[in-house]
Amino acid sequence: MTYMHYHAPPPLTSTLSDMHSNITQHLKDQANLRSNYNAATQHEFLTAAGTLTLSPARLALWLCQDRIYAAHAYPRFIGLLISKIPFDGPAIEEELNRETLALLTMCLEGIIREVSFFEGVAKEWSLDINGWKERKATRDYTAEMARVASVGSLEEGLVFLWAMEQVYLDAWKYVKSLFPPQSDSEDYTANAIRQFTNNWTTPEFEEFVQKLEALTNRHFARRHHGHSRSAVRAMESIWERVVELEEKFWPEEGEDTCLSSKTF
């Protein structure tokens, strides 16, 4: 079975007002990026994971890259977004600002648990996540996170954050949709894949992504309540860039051979 998160988009009748009240839906409905989105959320790496044919070396290589993202780039990204929350604004905006701080703080708490989870599962199922070289795709991704969080607006950073989490959720839901019935004969790698997938497809994670999406829409509508095509185009560029980075973040077959001196 092939997992498809989005239905075919309706004819383009959205007004600028619609886009400003629900910018995330507008981004998801970009027909010109449908194939790109599928490439990011249904990558061959993910298909191999879902069919439990992914090699332990390739899984370990990806885990090493994701640990770089989670342990180093993500906390810095979130910290920079927190620093952009305008606590000296009108009183009417204080509730949204506090909600934003609470959710971003939750992101930091969650990523600390996530890194420990990576390492625990790797140890449990004998995946060696040390000794790998950093991939160019990892450097590109973390550099773009740093750039957007440093020079972009809070709204741009939130769109970037929501986009990362949305793609990640859809990618692992695709993996889960491919799982064969569980067998007692499955190897360590298959068990690790199931454990990772179950963690990233929980109702709690999906609810978190939905809350982040709603918060992103509220911030965008507050900042860009007028008819600003340039603001919409800026968010379209961020969405397109995240989709591109996510696709490249999945290691290609054979990369584990050239990026590590380890023998599996």
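What comes next is a walk through the structure.

What counts, and where the lines are drawn
Residues numbered from 1 in each chain as written. Predicted model: local features only at pLDDT ≥ 70, side-chain atom pairs only at ≥ 80, totals over all residues. Heavy atoms only, no water. Axes fitted to C-alpha atoms, helices over the stretch in contact; angles between N-to-C directions. Helix = DSSP H or I, 4+ residues; strand = E, 2+ residues; numbered from the N terminus. Parallel < 35°, antiparallel > 145°, perpendicular 65-115°, else oblique. Left-handed = near helix turned anticlockwise from the far one by under 90°. Contact = heavy atoms within 4.5 Å. Nonpolar A, V, L, I, M, F, W, Y, C, P; charged D, E, K, R; others polar. Phe/Tyr/Trp six-rings, centres within 6.5 Å; stacked < 30°, edge-to-face > 60°. Buried < 20%, exposed > 50% of the residue type's maximum accessible area, 1.4 Å probe, protein only. 1 Å grid on protein atoms, 1.4 Å probe; cavity = no way out; pocket = protein on both sides within 12 Å on 5 of 7 lines; lining within 4 Å. Points joined across faces, edges and corners; volume = space filled by probe spheres on them.

1. Side note on the packing of helix α5 (residues 56–83) against helix α8 (residues 154–178)
- Between α5 and α8, the shortest axis-to-axis distance is 11 Å and the interhelical angle comes to 155°. In terms of their interaxial angle, α5 and α8 are classed as roughly antiparallel. The two elements α5 and α8 meet at a crossing, and its hand is left-handed. Facing W62, D66, Y69, Y74, F77, I78 and L81 of α5, the residues of α8 in contact are L154, G157, L158, F160, L161, M164, E165, Y168 and W172.
- Along the lines of polarity and charge, the residues of the contact of α5 with α8 split into 13 nonpolar, one polar and two charged.

2. Points about the packing of aromatic side chains
- A complete count under the given rule lists 22 aromatic pairs for this structure.
- Between W62 and W172, the ring centres sit 5.6 Å apart and the planes meet at 55°, which makes this aromatic pair tilted. Here W172 lies in helix α8 and W62 lies in helix α5, a separation of 110 residues in the sequence.
- Accessibility expressed as a relative area gives 1% for W172, which makes it buried.
- Residues Y168 and W172 carry aromatic rings whose centres are separated by 6.2 Å and whose planes lie at 65° to one another, so their mutual orientation is edge-to-face. Taken together, the residues Y168 and W172, both in helix α8 and four residues apart, mark about one turn of the helix. When sorted by exposure, Y168 lands in the same class as W172, which is buried.
- Cluster of aromatic residues (ring-pair linked, three or more members): F45, W62, F117, F118, Y168, W172, F196, W200 and W250.

3. With respect to the environment of S116
- When you line up the elements, S116 lands in helix α6 (residues 94–124).
- Spatially, the C-alpha atoms of S116 and R67 are 9.6 Å apart, while their sequence positions differ by 49 residues.

4. Things to note about the layout of surface pockets
- One number sums up the size of the largest pocket: a volume of about 670 Å³.
- Along its surface, the largest pocket is lined by 28 residues, and G110, E114, E165, F205 and F208 are the ones closest to its centre.
- Per-class residue counts for the lining of the largest pocket are 17 nonpolar, three polar and eight charged.

5. Points about the packing of helix α3 (residues 34–41) against α8
- Orientation of α3 relative to α8, taken along the N-to-C sense of each, is 65°, at an axis distance of 8 Å. Along its contact with α3, which presents Y37, A40 and T41, the element α8 presents Q166, V167, D170, A171 and Y174.
- Partitioned by chemical class, the residues of the contact of α3 with α8 number five nonpolar, two polar and one charged.

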